[in-house]
Each structure stands twice: as structure tokens, then as C-alpha cells.
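Structural features, examined
One-letter residues, chain by chain:
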Amino acid sequence: MGKLTVHALRAVLVVVLAGTVFVQASMVWALATDPENGSLPLTPLRVITILGMVAAQVALVCVWRLVTMVRRATVFSHAAFRYVDGMIGAIVAAALLWFAVTALNAPGQRDDPGVTVIMGGVGVAILGVALIVLVLRMLLAQAVARDVEAAQLQAELDEVI
């Protein structure tokens, strides 16, 4: 991975992380100062938003760490699994939070249940992303196993020579 790519990705990660912190701060401020007076239950939605931003931040930190490992050529190690597992957990948490938003929104959509169905579909799509990352984790496991095997074969070859 080139330096320009790493710097560009890290710049994007910093901007997104700053955005999530801003949204969290706004939601905490709204929880403390803005009373509920609408048809939607705002307090649970605000709490879900704060937790959703935490899930996004966990995923961002995991991507940052994995990019660092790629840059140092250490990504094909068992240490990388911790960050991939963190990303999978964050994505699953985001899907569960989305399902909670869908459930909170559903009573207001009785006249048009299509919105709730679409929101449920988005939640399933988010879970699909978690499954894709899980498949990529399995590919990483195969690559790590091959790397370990290659290192052992190289060590045996070095002994022979």
C-alpha cells in the first residue's frame, strides 16, 4: 500500500471520526437541554445515535490499526484478527441499533408499512456487510496459515543449506 493511499485513507478516517464525535456531542447536548415534544420518542433515538457513533468509532479505529499493520507488513499475523473481530462486532452492533430505530419508528408507519419494511431491509443489508467481513476474516486466516507454513518451510530449507 502506497504512502499516498495510506495518508488519504487516514485523512478520511480522521474526518469521519471528528464527525462522529460532533454528532455524539450534539446528541448529548440535546439529551440534556431539549425536551421531548414530538410524536417520535426522541430520547431513545438520541441514545441509539450516540451508541451508533460508538460502533462507527470502533470500526474506524480497527481500520486505522489494520492500515498500520498493512503499512508495516505485519497484517498476516494473529494480531490482525483482534481488529477484524472488532470490526465485525461494530457492524453487528450497528445493525442491531438500526433494528431498534426501525422498531421505534414502526408505530408511526402503520398507514405506510413499506417504510418499516425498507428499514428492515437496510438492517439486513448491514448484517450482510458483517458477513462479508467475516468471509474476509476467513481469507485472512488462510493467508496467515500459508504465511506460517512458508516460514516453517523456509526455516527447514535454511537448515538443509
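The structure we're discussing is the one just above.
As the structure is a prediction and not an experimental result, all values here were calculated from the model.

Here the focus is the environment of Arg 146. In this structure, Arg 146 sits in helix α4 (residues 114–160). As for Arg 146 and Phe 76, which are separated by 70 residues in sequence, their C-alpha atoms are 9.3 Å apart.

Ranked by internal contacts, the top residues of the largest apolar core, which has 15 residues, are Leu 66, Met 69, Ala 80, Val 84 and Leu 140. Of all the elements, helix α3 (residues 79–105) adds the most residues to this core, at seven residues. Excluding anything up to four places from it in sequence, Leu 66 contacts Val 75, Ala 80, Tyr 83, Val 84 and Met 87. Counting residues in each nonpolar core, the second largest holds five residues, with Leu 45, Ile 48, Leu 97 and Val 101 among its members.

To continue, consider unusual backbone geometry. The phi torsion at Ala 73 lies on the positive side, around 60°, for a residue other than glycine. Mapped onto the secondary structure, Ala 73 falls in the loop between α2 (42–71) and α3.

With that out of the way, let us pick up the pattern of salt bridges. Taken as a whole and judged by the stated rule, the model has one salt bridge. When the shortest N-O distance is used, the salt bridge between Asp 85 and Arg 137 registers 2.5 Å. Highlighted residues: Asp 85 in helix α3 and Arg 137 in helix α4, separated in sequence by 52 residues.

Here we take up helix α1 (residues 3–33). For α1, built from 31 residues, the straight-helix expectation of 45 Å at 1.5 Å per residue is met to within 8% by its first-to-last C-alpha distance of 45 Å. Buried within α1 are the following residues: Val 6, Leu 13, Thr 20, Gln 24 and Ala 30. Residues of α1 that are buried make contact with α2.

It is worth spelling out a nonpolar patch on the surface at this point. On the surface, a nonpolar cluster with roughly 380 Å² of combined accessible area is contributed by Ile 132, Val 135, Leu 136 and Leu 139. With respect to the helices and strands, the residue Leu 139 is situated in helix α4. Judged by its relative accessible area of 48%, Leu 139 falls in the partly exposed class.

Turning our attention to the packing of α1 against α2. Direction vectors running N to C along α1 and α2 enclose 160°, while the axes themselves pass 9 Å from each other. Accordingly, the angle class assigned to the pair α1 and α2 is roughly antiparallel. Of the two possible hands of crossing, α1 and α2 adopt the one that is left-handed. When the residues that make up the contact of α1 with α2 are grouped by side-chain class, the tally is 21 nonpolar, six polar and four charged.

How each quantity is defined
Residues numbered from 1 in each chain as written. Predicted model: local features only at pLDDT ≥ 70, side-chain atom pairs only at ≥ 80, totals over all residues. Heavy atoms only, no water. Helix = DSSP H or I, 4+ residues; strand = E, 2+ residues; numbered from the N terminus. Core = buried A, V, L, I, M, F, W, Y, C linked by side-chain atoms within 4.5 Å. Buried < 20%, exposed > 50% of the residue type's maximum accessible area, 1.4 Å probe, protein only. Contact = heavy atoms within 4.5 Å. Salt bridge = Lys/Arg side-chain N within 4 Å of Asp/Glu carboxyl O. Expected span 1.5 Å × (residues − 1). Patch = residues over 30% accessible without salt bridge, like charges linked within 9 Å, V, L, I, M, F, W, Y side chains within 5 Å. Areas by Shrake-Rupley, 256 points an atom, 1.4 Å probe, with all protein chains shown as cover. Axes fitted to C-alpha atoms, helices over the stretch in contact; angles between N-to-C directions. Parallel < 35°, antiparallel > 145°, perpendicular 65-115°, else oblique. Left-handed = near helix turned anticlockwise from the far one by under 90°. Nonpolar A, V, L, I, M, F, W, Y, C, P; charged D, E, K, R; others polar.

Take it as geometry only, folks, not as evidence of what the structure does.
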